[in-house]
Amino acid sequence: MFKFKYDPDNKDINNFEKFASTHWGQHSHPGDTTNDFFDRPRLIVEYRDSQNVIAGLVVFYKTIIVNRSLIHIAGIGGVVTHVNYRRKGYGTKLLVKTLKELKSQNLDAILLCTDIKKLGSFYDSVGFKPLNKDYYFFDKNGIKKSEHGGMYISFNMKATKIFQSKKTILNVGLSNFWYLSKQVTNNFLNQIIRYGLI
């Protein structure tokens, strides 16, 4: 059974983080996770049996500006399967169901970052393609950083051109993923337009 928790509260997030840290095993991210990841997931997706979580992931939403165009993306992170249920297709089922849900949300694309050598074929099996370039973000201190190992799914030609172009710089804004509410996005865009940045 799948469970979609939109706008999860602190208890939901803490429960997911406990599950993930227990079942990731030796997991590390190169870089400063305290300063690089400070977003709050807007969706937790779980695949469960009658009593336990078998697999889960988190989703972040962003609206970014690329080449003077607004691009609405979802970022998938924290994909994890319980150690006793691995290699049985639960992670794939979780991703397929999540992608179907996200596709219905008027997004331009989905982005994730992974160790492509290790997990690229897993994500490729559900439709992700390697980004083949770094993407950028700003950490808590406003320092511009880059991330490699990006993979994406595009839902339209506008996003496909952005992700495939070697010349187009992809900057996902604050945090390696950060949520902008519609009100914040509109205020941010009004300031950018006011100062002639687009």
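For the structure, check the block above.
Here is what the cut-offs are and how they apply
- Residues numbered from 1 in each chain as written.
- Predicted model: local features only at pLDDT ≥ 70, side-chain atom pairs only at ≥ 80, totals over all residues.
- Heavy atoms only, no water.
- Core = buried A, V, L, I, M, F, W, Y, C linked by side-chain atoms within 4.5 Å.
- Buried < 20%, exposed > 50% of the residue type's maximum accessible area, 1.4 Å probe, protein only.
- Helix = DSSP H or I, 4+ residues; strand = E, 2+ residues; numbered from the N terminus.
- Contact = heavy atoms within 4.5 Å.
- Pairing = 2+ DSSP bridges.
- Phe/Tyr/Trp six-rings, centres within 6.5 Å; stacked < 30°, edge-to-face > 60°.

Asker: Hey, could you run me through the nonpolar core in this one?
Answerer: In summary, soluble globular proteins display a tendency toward joint burial of nonpolar side chains. Grouped together as the largest cluster of nonpolar side chains are 24 residues, with contacts concentrated most on Leu 57, Val 59, Ile 76, Leu 102 and Phe 128. Listing elements by their share of this core, those giving two or more residues are β2 (43-48), β3 (53-66), β4 (69-81), α3 (90-103), β5 (109-113) and β9 (150-154). In contact with Phe 128, other than residues within four places in its own chain, are Ile 76, Leu 99, Ile 110, Leu 112, Tyr 123, Met 151, Tyr 152 and Ile 153. Grouped together as the second largest cluster of nonpolar side chains are 15 residues, Ile 64, Ala 109, Phe 163 and Val 172 included.

Asker: Would you explain the pairing of strand β7 (residues 135-138) in this entry?
Answerer: On a regular strand, one side chain projects to one face of the sheet and the next to the other, so that they alternate. The two faces of β7 differ: Tyr 135 and Phe 137 on one face are buried, but Tyr 136 and Phe 138 on the other face are not. Pairing analysis gives four bridges linking β7 to strand β8 (residues 144-147), with the strands arranged antiparallel. Within β8, the position partnered with Tyr 136 by the bridge is Ser 146. Turn length for the β7-β8 hairpin, with the two strands adjacent in sequence and antiparallel, is five residues, and the turn residue Gly 142 shows positive phi of about 80 degrees.

Asker: Help me understand the packing of aromatic side chains, please; the structure alone is not making it clear to me.
Answerer: In this description, an aromatic ring pair is defined by two values, namely the gap between the centres and the angle between the planes. Summed over the entire model, instances satisfying the criterion amount to six aromatic pairs. When the ring of Phe 2 is compared with that of Tyr 47, the centres are 4.7 Å apart and the planes differ by 55 degrees; the resulting orientation is tilted. Taken together, the residues span a long stretch of sequence, with Phe 2 in strand β1 (residues 2-6) and Tyr 47 in strand β2 at a distance of 45 residues. Take Phe 2: its relative accessible area is 28%, and that puts it in the partly exposed class. Note on Tyr 47: relative accessible area 12%, which makes it buried.

These results come straight from atomic positions and should not be treated as a statement about function.
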